[in-house]
Amino acid sequence: MLPGALAVLGGDHAGAFPWLSVSILMPIVAGLLIPFIPDPGDGKTIRWYALGVALLTFLVTVGAYLNGYDPSEAGLQLIEAGGMAARSRLAWSGRCRRALDAPDPAHQLHHRPGGAGRLAGHLQTAAVLLPDPGDGWRPDRRLRRSGHASVLPGLGAGTAAGVPVCCDLGAKKRQYAATKFILYTAGGSVFILLAALAMGFQGGGPPSFEYTALAAKDFGTRFELLAYAGLLIAFGVKLPIVPLHTWLPDAHGEATAPVHMLLAGILLKMGGYALLRFNVQLLPAAHAQFAPLLVVLGVVNIIYAALTSFAQRNLKRKIAYSSISHMGFVLIGIGSFSALGTSGAMLQMVSHGLIGASLFFLVGATYDRTHTLQLDEMGGVGQKMRKMFALWTVCSLASLALPA
């Protein structure tokens, strides 16, 4: 197990108030209420409501780190050992049990959130604000009611659960892109399920899916290799790793701008974080053998996706392939098997989450004004939209990783 940087991914620090549970459940509940909110038809009421929920969720996450996070302490903090987490415990004893007063400790699942970093609240607010409120939020420029209802649970929960719902894709191949996305995600999730079940029942004793219990188990090298391979495929879809990447350009090419921000800022980071959290920490012996392969796959991601990005004339697909290229550096950092490389991988995920979401924010704002995504048709944009051109320059240089 890697020292230093990976220490931030393990540990325990219980908080008195369930900050993370509130930040997860608030946008989900708010999203479910959107269809019942009266709206005169211009969409402004719904959007103000979504913006308010987004800002409130962001403030909750800020409050969590101000009140319960200690930067000097290594370990996974803000873990909820009681309160809402305990009340939401699900006990299984061979059949679905409705009573939670006397659960069988041998068969139970726990809702036990812990925080290692969140971009969701920040990106959720920006997604609702797109396009900017300065245009009066005209009906032809707003998210539809279903769009806000999907963006809130998708981003606020910080999980992939809301992403299939969020694919309110707006172009000609939207059904193809949404179907492809669902198939890739569902196929990858099967490997997660199989690996989780195998790890939970492996090693003797009562089956347990608690992370700390799994980390204490000695699975054996052969079992670790099989479980690692399954999880690598599953998380490789999310990252994405070539050749499991083809869903991403299609999804980006057909999605609306707020969904782009969700995909680039949150979903891609889930794959990298999951590799660190589960493959590296739970299966260290297998990671030692898979590390060279991760480095090779990372190099392939960087070179192949960058060259493919050069060839794209569609602005959305160009940035989508550049995101795949950026994720190659995350793979190399994870495969470097060093604290410095792991720290670099985590830094890359955070920075790209902000930069990638910013670029797609600008894609939506630019398309809203030019009504085209073809680079060949955007000549003279810098002269007509100077502020937009300046923002594009800043974000592009940030993506290029120039100093400052």
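For the structure itself, look to the data block above.
Okay, so let's go over this structure.

Rules used throughout
Residues numbered from 1 in each chain as written. Predicted model: local features only at pLDDT ≥ 70, side-chain atom pairs only at ≥ 80, totals over all residues. Heavy atoms only, no water. Axes fitted to C-alpha atoms, helices over the stretch in contact; angles between N-to-C directions. Helix = DSSP H or I, 4+ residues; strand = E, 2+ residues; numbered from the N terminus. Parallel < 35°, antiparallel > 145°, perpendicular 65-115°, else oblique. Left-handed = near helix turned anticlockwise from the far one by under 90°. Contact = heavy atoms within 4.5 Å. Nonpolar A, V, L, I, M, F, W, Y, C, P; charged D, E, K, R; others polar. Buried < 20%, exposed > 50% of the residue type's maximum accessible area, 1.4 Å probe, protein only. Lys, Arg positive; Asp, Glu negative; His and termini not counted. Salt bridge = Lys/Arg side-chain N within 4 Å of Asp/Glu carboxyl O. Polar contact = N/O pair within 3.5 Å; in protein donor to acceptor, adjacent residues only side chain to side chain. Core = buried A, V, L, I, M, F, W, Y, C linked by side-chain atoms within 4.5 Å.

### Side note on the packing of helix α14 (residues 339–370) against helix α16 (residues 386–399)
Alright, step 1. Direction vectors running N to C along α14 and α16 enclose 155 degrees, while the axes themselves pass 10 Å from each other. As judged from the angle between their axes, α14 and α16 are roughly antiparallel. Judged by the sense of rotation from one axis to the other, the crossing of α14 with α16 is left-handed. Across the interface between the two elements, I355, S358, L359, L362, V363, A365, T366 and R369 from α14 touch M388, L391, W392, C395, S396, A398 and S399 from α16.
Alright, step 2. Here the residues of the contact of α14 with α16 sort into ten nonpolar, four polar and one charged.

### Description of unusual backbone geometry
Excluding glycine, residues mostly carry a negative phi; peptide bonds, for their part, are mostly trans.
Alright, step 1. Each neighbour pair has its own omega, and for L239 with P240 the value is -10 degrees, a cis peptide bond.
Alright, step 2. If you trace the backbone, P240 turns up in the loop between α9 (221–238) and α10 (247–254).
Alright, step 3. The linkage connecting V242 with the following residue, P243, adopts the cis geometry, with an omega of 15 degrees.
Alright, step 4. With respect to the helices, strands and loops of the structure, P243 is situated in the loop between α9 and α10.
Alright, step 5. At F337, a residue that is not glycine, the phi angle is positive and equals roughly 60 degrees.
Alright, step 6. The residue F337 is located in the loop between α13 (315–335) and α14 in this model.
Alright, step 7. Unusually for a residue other than glycine, H371 sits at a positive phi of about 60 degrees.
Alright, step 8. Residue H371 is classed as exposed on the basis of its relative accessible area of 59%.

### Some words on the environment of F389
Alright, step 1. With respect to the secondary-structure elements, F389 resides in helix α16.
Alright, step 2. Take F389: its relative accessible area is 47%, and that puts it in the partly exposed class.
Alright, step 3. C-alpha of F389 to C-alpha of T366: the two residues are 23 residues apart in sequence and 9.5 Å apart in space.

### Looking at the side chain of K318
Alright, step 1. Among the structural elements, K318 can be located in helix α13.
Alright, step 2. Buried within the structure, K318 lacks any salt-bridge partner; D376 is the closest side chain of opposite charge, at an N-O distance of 9.1 Å.
Alright, step 3. Within polar-contact distance, the side chain of K318 engages the backbone oxygen of Q312 at 3.2 Å.

### What to know about the nonpolar core
Alright, step 1. Counting residues in each nonpolar core, the largest one holds 47 residues, and the members touching the most others are M199, W247, L283 and I334.
Alright, step 2. Taken together, the elements giving at least two residues each to this core come down to α7 (174–201), α8 (211–215), α9, α10, α11 (257–282), α12 (284–311), α13 and α14.
Alright, step 3. Sorting elements by how many residues they give to this core places α11 first, with twelve residues.
Alright, step 4. With near-sequence residues (within four places) excluded, W247 lies in contact with K180, F181, Y184, V237, K238, P240, L263, L267 and L268.

### Let's talk about the environment of C395
Alright, step 1. By the element assignment, C395 lies in helix α16.
Alright, step 2. Note on C395: relative accessible area 15%, which makes it buried.
Alright, step 3. As for C395 and L354, which are separated by 41 residues in sequence, their C-alpha atoms are 9.6 Å apart.
Alright, step 4. The contacts of C395, once residues within four sequence positions are left out, are I355, S358, L359 and L362.

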